[in-house]
Amino acid sequence: MKYIVVTGGVVSGLGKGVTISSMGRMLQGCGLRVTSIKIDPYLNVDAGTMSPFEHGETYVLNDGGETDLDLGNYERFLSISLTSDHNITTGKVYRKVIGKERRGDYLGKTVQVVPHITNEIQDWIEEVAYVPVDDQGNRHWDAVDENGVNAATPSSADEKDVRVADICLIEVGGTVGDIESSVFLEALRQFQFRVGPSNFCLTFVSLVPIMGEEQKTKPTQHGVRDLRSVGLSPTVIFCRCRQVLEESTKNKIASFCHVDGPSCVLSVHDVNNVYHVPLLLLEQKLHRILAEKLQLTSIPQLEGRLDLTMNGLEEKANMWNLCEGSVANEKVLAMLASGQEDLDTLGGISRSMIDWARMAFKLDGFKESVKIVIVGKYTGLQDSYLSVIKSLKHASMAVERKLDLIWVEAGHLENDFESDSGGEEEYNAAWEKMKSADGVVVPGGFGTRGFNGKVAAAKFCRENSVPYLGICLGFQAMVVEYSRNMLGWEDANSTEFDEETKNPVVIFMPEIDKENMGGTMRLGSRNTAFTHAKHDDGSPSIAQIMYKNASVVSERHRHRYEVNPERVDAIHDAGLKFVGRDETGTRMEIAELPRSKHPYYVGCQYHPEFKSRPLNPSPPFHGLLLAACGMIDEYASNSK
């Protein structure tokens, strides 16, 4: 196993997650299998109880792990399925060590940060690195028990039925010099000797600000100095800058930061879209630097699979001119269109960098746009809906449109906001945005604030034939709205917001602990069966069509409340069809109106955004964009 570590300095938020994901995508293009680990130095066990305003979205994995949003970047870029153990937090590590101490595993020794915490971190990294994450041959290892013990070990992996990664990418959250991350850096300092220098490569992401017209290197120099002070020295330095890094800047950084020449100082400047970053790294021959450092060409197991030329794409990279800050021209797109396809696939998605490059450059050339409104509660921090945004972008690429996102605060759509809060101007502006939309997404959320605004959005879209996708709470808003206005249940509501309602159409799930917040929701991947896929008029379910007519689909969940089974038949018979249900038939998963009533009015209790990929968009989002662009009928007719 080879390990590549990404650390960062100067400031947080430089894009370490995008950098490590892009590096992984480039290595996949060379024929390598990769896995990824995110280290978060906070004391929380996981991200499940964090406020979206504090930390952005909570990303949910197949096994129900509630993790940092960077794991979403890894899964989207690399088309892999990670586990909760791939997100290491200080809280998890200390809980595991304290559990061992309480059981007497340390045989009476004084438990200390060094060696016990640092050893635990190293053991965790080594164990998780061997967990297979490819969609092909993916096997779930034993879950961690209440004492933090995982019975799985690297030696228990059977190479015949799993595809263990060749390279493990590790991102250390925060910045070098933070108190909370120091124990992880010390663990990694020890780890480089445990695995050996040919199996360990450290990289560093830094900021190169521009003052006047000069690119300043001092922040990078100080960041690397702090890193070297803890016994770690980077092989590669990624320099984030608004503009292409100048050669003089590279030379200066290489000279003062102890790397092997300016070729190891890479410019990661602003580009037209994030999908150019793997190509930017390829153009600067990062794959060659890593191959030499990790001695990849000398590994017998990679013979016949490792292809550093990437089907001949490497030698054509100088046509892209990404390192000069220019954009692709028709000649480049023609070259990509004529490229050979890579037959090796990962979960149905080509590993080929030719496919990836074609997607990235094609995105630059879209002329027409589509307006999508997101009606949310946490619009003050767009990272709260990062996976929703990415899913919309993936779907917009599939319909070849530029995505024009419009944000609407859910509470601004409520009548009470206009009358009681004196927010007439914001109220009118919010509704003007709604009226301009080609499509509307109402994503999930928790708490009563803004819920009636989401209900109002669902009503507007239903009555005005505006394509609508409701997710989780947005799905429940559909049900509440339909119950109030079509069934005449004026006080219909969720018991989350009104426990005394006479028409509880959404209720609390009975098997969940209502008192504790963390890890108590219905979490992770669950199956949904299309049990009522034919409407009364004989037309097929549009949701099932978007899932390529599958009878059962698997999606990820994160919620406590669900549609009341006692009210399902009445709502279904009144016209809002619950076409997808869980395997017991008691939990409603997908609702829609027939296309004879509405072009696209779909809601799902689960979160489809967590499984969307750039080259394989989430079906519900794809359907929304098709409907918003007037393409849904043609797509449906071609899918029969």
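Preceding block: the structure.
Residues numbered from 1 in each chain as written. Predicted model: local features only at pLDDT ≥ 70, side-chain atom pairs only at ≥ 80, totals over all residues. Heavy atoms only, no water.

### What to know about the overall build of the chain
So, step 1. The secondary structure content of the chain amounts to 21 helices and 25 strands.
So, step 2. Taken over 640 residues, the chain has a buried fraction of 59%.
So, step 3. Long-range contacts, defined as pairs at least 24 residues apart, comprise 73% of the intrachain contacts of the chain with a sequence gap of at least 6.
So, step 4. Total accessible area on the chain stands at roughly 25800 Å², and carbon and sulfur atoms take up 47% of it. (Helix = DSSP H or I, 4+ residues; strand = E, 2+ residues; numbered from the N terminus. Buried < 20%, exposed > 50% of the residue type's maximum accessible area, 1.4 Å probe, protein only. Contact = heavy atoms within 4.5 Å. Areas by Shrake-Rupley, 256 points an atom, 1.4 Å probe, with all protein chains shown as cover.)

### Quick look at the layout of surface pockets
So, step 1. Looking at the largest pocket, its volume works out to about 1100 Å³.
So, step 2. The wall of the largest pocket is formed by 41 residues, among which L69, D70, N73, D383 and L386 lie closest to the centre.
So, step 3. Breaking the lining of the largest pocket down by element, the ones donating at least two residues are α1 (16-29), β2 (34-40), α2 (52-55), α3 (70-78), α12 (353-364), α13 (386-398) and β15 (402-409).
So, step 4. For the lining of the largest pocket, the leading source of residues is α13, giving six residues.
So, step 5. Here the lining of the largest pocket is composed, by residue class, of 13 nonpolar, 13 polar and 15 charged. (1 Å grid on protein atoms, 1.4 Å probe; cavity = no way out; pocket = protein on both sides within 12 Å on 5 of 7 lines; lining within 4 Å. Points joined across faces, edges and corners; volume = space filled by probe spheres on them. Nonpolar A, V, L, I, M, F, W, Y, C, P; charged D, E, K, R; others polar.)

### Examining the sheet that holds strand β22 (residues 561-563)
So, step 1. Ordered in space as β18-β19-β22, the three strands form an open sheet in which the pairing is mixed. Looking at the sheet topology across the chains shown, the edges are occupied by β18 (493-494) and β22.
So, step 2. As paired strands, β18 and strand β19 (residues 504-508) are joined by two bridges and run parallel to one another. Across the sheet, the residue bridging to N493 is P504, located in β19.
So, step 3. Of the strands in this sheet, β19 and β22 are in contact with helix α19 (residues 565-573), which crosses β19 at around 150 degrees. (Pairing = 2+ DSSP bridges. Axes fitted to C-alpha atoms, helices over the stretch in contact; angles between N-to-C directions.)

### Topic: the sheet that holds strand β20 (residues 522-530)
Within a sheet, adjacent strands bond to each other through the backbone by hydrogen bonds, running parallel or antiparallel.
So, step 1. Read across the open sheet, the nine strands follow the order β15-β14-β16-β17-β25-β24-β23-β20-β21; overall the sheet is mixed. A single partner strand is all that each edge strand has here, and the edge strands are β15 and β21 (552-559). When the angles between neighbouring strand axes are averaged without regard to direction, this sheet yields 25 degrees.
So, step 2. Contacting β14 (369-376), β15 and β16 (439-442), helix α15 (residues 424-435) runs over the sheet at an angle of about 150 degrees to β15.

### Some details on a nonpolar patch on the surface
So, step 1. A contiguous nonpolar surface patch, about 320 Å² in accessible area, is contributed by Y94, I98, V113 and V114.
So, step 2. Counting residues per element, the ones that place at least two in the nonpolar patch are α4 (90-103) and α5 (113-129).
So, step 3. By relative accessible area, V114 is classed as partly exposed at 44%. (Patch = residues over 30% accessible without salt bridge, like charges linked within 9 Å, V, L, I, M, F, W, Y side chains within 5 Å. Salt bridge = Lys/Arg side-chain N within 4 Å of Asp/Glu carboxyl O.)

### Examining α1
So, step 1. Its 14 residues give α1 an end-to-end C-alpha distance of 20 Å, which sits within 8% of 20 Å, the value for a rise of 1.5 Å per residue.
So, step 2. Buried residues dominate α1, accounting for 13 of its 14 residues.
So, step 3. Of the residues trailing α1, G31 is marked for its positive phi of about 95 degrees. (Expected span 1.5 Å × (residues − 1).)

### Quick look at the packing of aromatic side chains
So, step 1. Within this structure, the stated rule accounts for 13 aromatic pairs.
So, step 2. On the numbers, 5.0 Å between centres and 75 degrees between planes, the contact of Y59 with F610 is edge-to-face. With Y59 in strand β3 (residues 59-60) and F610 in the loop between β25 (601-604) and α20 (619-628), this pair connects stretches of sequence that are 551 residues apart. Like Y59, the residue F610 is buried in the burial classification.
So, step 3. When the ring of Y385 is compared with that of W407, the centres are 6.0 Å apart and the planes differ by 35 degrees; the resulting orientation is tilted. Of the two residues, Y385 is situated in the loop between β14 and α13 and W407 in strand β15; the sequence distance between them amounts to 22 residues.
So, step 4. Feature note: the residues Y3, F191 and F200 constitute an aromatic cluster, connected by ring pairs.
So, step 5. The ring of W124 carries K96 above its face, with NZ or CZ at 4.5 Å from the centroid.
So, step 6. The positively charged end of R567 is found above the aromatic ring belonging to W489, 4.9 Å away from the centroid. (Phe/Tyr/Trp six-rings, centres within 6.5 Å; stacked < 30°, edge-to-face > 60°. Lys NZ or Arg CZ within 6 Å of the ring centre and 35° of its normal.)

### Some details on the packing of α5 against helix α6 (residues 182-195)
So, step 1. The interhelical angle for the contact between α5 and α6, taken along N-to-C directions, is 65 degrees, at an axis separation of 9 Å. In this structure, α5 meets α6 at a crossing whose hand is right-handed. For the pair α5 and α6, the contacting residues are V113, V114, I117, T118, N119, I121, Q122, D123, I125 and E126 in the first and V183, F184, E186, A187, L188, Q190, F191, R194 and V195 in the second. (Left-handed = near helix turned anticlockwise from the far one by under 90°.)

### Remarks on the pattern of salt bridges
Side-chain pairing between opposite charges can occur once the charged atoms of the two side chains come close.
So, step 1. Scanning the model with the defined rule gives 31 salt bridges in all.
So, step 2. With a closest N to O distance of 3.2 Å, E214 and K216 form a salt bridge.
So, step 3. Given a relative accessible area of 43%, E214 falls into the partly exposed group.
So, step 4. E589 is paired through a salt bridge with R522; the nearest N and O atoms lie 3.0 Å apart.

### Brief notes about the state of the cysteines
So, step 1. If you walk through the whole model with that rule in mind, you get zero disulfides.
So, step 2. A disulfide-free cysteine, C239 has its sulfur positioned 8.0 Å from the sulfur of C257, the nearest such atom.
So, step 3. The class of C239 is buried, set by a relative accessible area of 0%. (Disulfide = S-S within 2.5 Å.)

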